[in-house]
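A look at the structure
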Amino acid sequence: MPKEQGLVSWKQLAPGMYILEPGNSKKFKTGDWRAFKPVLDKDKCIKCGMCYILCPDICYQPDQEGFFISNLFYCKGCGICAAHCPKKAITMVLEEE
Amino acid sequence: MAKKIAKEVSVAVAEAVAQCNVDVISAYPITPQTHIVEHLAELVNNGELDAEYIPVESEHAAMSACIGAAATGARTFTSTSSQGLLLMYENLYIAPALRLPIVMALVNRSVSAPISIWNDHSDVMSMRDAGWIHTFAENGQEAVDLIYHAYKVAEKTLLPVAVNIDGFILSHVVEPIEFLDQTLVDKYLPPLKMKYKLDPKKPITIGAIGVPEIYTEAKKAQDEALKASYKTIVQAWKDFEKLTGRKYLPVETYQMEDAEVGLVIMGSLAENAMNAVDILRTKGKKVGLVRIRLWRPFPLKDFIKAIGKVKALCVVDRAVSHAATGGPVGIEVRSALYQSNKRPRVLNLIAGLSGRDVTKEDFVEIFEKTFETLAKKPSTPYEIYGVKE
């Protein structure tokens, strides 16, 4: 028998593979595609929010102190935040197992 | 019973679509489909049909608009031919995969190059594997009846249906047509109610990504749905028979009971072939005809039963599958035979390309060629019939 790779039985799929629960892409982890993760140096950060605005996956959210922090559950490591940070406060660091 | 009215088949098809109370028509004119969409546009313009007619910029958009409209629960119609179908191509796979009950009148025409507006089945065979239900009309009355049937089936199975109508040979011919009374159409075809549809009040996602962990399961579900549609298709014909007295089966036979040699064909050429059967029967030759009306889902059991005890079959294809092991129908038939214990000789001829006539005399000759295979196996898997050397 080949290894079972299916997530769910074909019999349980809605017709046309419709998704009946709106907004369930929130549950879809895309962070495991990442090779590099953004690391913030809070000493350099001026809380300007460029990373928050430019992140194509809307990963950045402000924490209680007002720093914008990337949610690594979604972050695919594209590095746009690091490239555009005016203070070079974000460094892309290789993910290690 | 309604009386028969002389109508051009294209106009009759359009009127049947209008009787089905279609909500959205989205089409781009192309020969030989033109009269169907022209007439529908006229009906909408004159206020005789309360539908949205979307004059799209291409066939790609025509199918896209049908997909979008059907996803909101609208009853949709489109029609095309040849290059138009090919321009729809990527969307042809999407409609069945998203389980959208779109009905298309596919007025069959050959595909370029060389450019040709005339009839054969090379356009439809290009979408053979897309997952649509396909029926083939033999005459104008059947084309009209298959439109009513298509809506019934599409909406019960949530699969798109293509009604194949031979270009010019059927589409542009005036025939006596018996329409269903509107009350019967309404009885046969209740309003479309889709359990799941795009509705802001109850949002769902249609057309999401199928990652490797789910794509196989999605395709299995789609495949099972198309296979299961067979029962609905047959039942819809039975219901139609009760209303009209006109009986339709997935595979039709003519003089096959004691036939030694049978001919397999789809579409309008079957009527010429039938004449050839009559000619040969008067000479005592045991010949018969098998006409496949339902092409997808392929009615395997009906087909195997229909061929009876023939010793040889000739499959007449109207499209080339270049350098394959046969024409599309020929390949299908040989594969179907392997699912059974029957092993007749199979001669596969490709004939009637781009509207070239295949007369009853031709069919007599084709039958004679098929008799020859009883003594000597065909030397090639398929051959193009009537080609000038």
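A few points on the structure. (Residues numbered from 1 in each chain as written. Chains lettered and ligands numbered in written order. Predicted model: local features only at pLDDT ≥ 70, side-chain atom pairs only at ≥ 80, totals over all residues.)

**Regarding the sheet that holds strand β7 (residues 161–166) of chain B**
All names here are of chain B. For clarity, the cut-off: Two strands qualify as a pair provided DSSP detects at least 2 bridges between them. Comment: elements are numbered from the N terminus, with helices defined as DSSP H or I runs of at least four residues and strands as E runs of at least two. To get an axis, a line is fitted to the C-alpha atoms, and for a helix only the part in contact is used. The angle between two axes follows their N-to-C directions and goes from 0 to 180 degrees.
Here seven strands make up an open sheet; going across it, the order is β3-β2-β4-β5-β7-β6-β12 and the pairing mixed. The open sheet is flanked by β3 (52–55) and β12 (294–296), the only strands paired with a single partner. The sheet shows a mean angle of 20° between the axes of neighbouring strands, direction not considered. Judged from the four bridges that link them, strand β4 (residues 76–80) and strand β5 (residues 103–108) form a sheet pairing that is parallel. Among the inter-strand pairings, Ser79 is bridged to a residue of β5, identified as Ala105.

**Let's talk about the nonpolar core**
Here is the rule: Nonpolar cores are built from buried Ala, Val, Leu, Ile, Met, Phe, Trp, Tyr and Cys residues. These are joined into a set through C-beta atoms within 7 Å. Counting other C-beta atoms within 10 Å of each residue's C-beta, where C-beta atoms are placed from the backbone, gives the exposure class: buried for 20 or more, exposed for 12 or fewer, partly exposed between. Note on contacts: each residue gets a C-beta atom placed from the backbone, and two residues are in contact if those atoms are within 7 Å.
Of all hydrophobic cores here, the largest spans 123 residues; its most connected members are Val13(B), Ile147(B) and Val163(B). Looking at this core element by element, the count peaks at nine residues for helix α7 (residues 140–157) of chain B. Leave out the neighbours within four places in its chain, and Val163(B) touches Ala105(B), Leu106(B), Thr135(B), Ala137(B), Ala143(B), Leu146(B), Ile147(B) and Ala150(B). Residues Cys55(A), Cys59(A), Tyr60(A) and Cys85(A) belong to the second largest nonpolar core, which totals 10 residues.

**As for the sheet that holds strand β9 (residues 251–254) of chain B**
All names here are of chain B. With mixed pairing, six strands are arranged side by side in an open sheet as β9-β11-β10-β13-β14-β15. Taken across any chain shown, the strands that pair with only one partner, and hence form the sheet edges, are β9 and β15 (383–384). Note: strand β10 (residues 261–265) against strand β11 (residues 287–292), five bridges, orientation parallel. Of the residues in β11, the one forming a bridge with Ile265 is Arg291. Of the strands in this sheet, β9, β10 and β11 touch helix α10 (residues 270–282), which is tilted by about 165° from β11.

**Here we look at the packing of helix α3 (residues 59–71) of chain B against helix α5 (residues 89–97) of chain B**
All names here are of chain B. Condition: Any angle from 65 to 115 degrees is called roughly perpendicular, while one under 35 is roughly parallel, one over 145 is roughly antiparallel, and all others are oblique. Crossing handedness is read from the near helix: turned anticlockwise from the far helix by less than a right angle, it gives a left-handed crossing, and turned clockwise, a right-handed one. Only Asp, Glu, Lys and Arg are considered charged, only Ala, Val, Leu, Ile, Met, Phe, Trp, Tyr, Cys and Pro nonpolar, and every remaining residue, Gly among them, polar.
Two numbers describe how α3 lies on α5: the axes approach to 9 Å, and their chain directions differ by 15°. The angle between the axes of α3 and α5 places the two elements in the roughly parallel class. Every pair of crossing elements has a handedness; the one defined by α3 and α5 is left-handed. Residues His60, Met63, Ser64 and Ile67 of α3 form the contact with α5, whose participating residues are Asn91, Leu92, Ile94 and Ala95. Looking at side-chain class alone, the contact of α3 with α5 contains five nonpolar, three polar and no charged residues.

**Some thoughts on unusual backbone geometry**
For residues besides glycine, phi is generally negative; the peptide bonds are generally trans as well. The amide bond that connects Ser112(B) to the next residue, Ala113(B), takes the cis arrangement and shows omega of -5°. On the secondary structure map, Ala113(B) appears in the loop between β5 and α6 (122–125). The step from Arg296(B) to Pro297(B) runs through a cis peptide bond, and the omega angle for that step is -5°. Its place among the elements puts Pro297(B) in the loop between β12 and α11 (300–306). One non-glycine residue, Lys47(A), lies in the positive phi region at around 60°. Tracing the backbone shows Lys47(A) in the loop between β1 (36–40) and α1 (50–54).

**What to know about the packing of helix α1 (residues 9–19) of chain B against helix α2 (residues 34–45) of chain B**
All names here are of chain B. At a minimum axis separation of 8 Å, α1 and α2 run at an interaxial angle of 45°. Comparing the axis directions of α1 and α2 gives the class oblique. The hand of the α1/α2 crossing is right-handed. Packed against α1, whose contacting residues are Ser10, Val11, Val13, Ala14, Val17 and Ala18, the element α2 presents His35, Ile36, His39, Leu40 and Leu43 at the interface. Per-class residue counts for the contact of α1 with α2 are eight nonpolar, three polar and no charged.

**Quick notes on the environment of Gln33(B)**
With respect to the helices and strands, the residue Gln33(B) is situated in the loop between β2 (24–27) and α2. With 46 residues separating them in the primary sequence, Gln33(B) and Ser79(B) have C-alpha atoms 6.6 Å apart.

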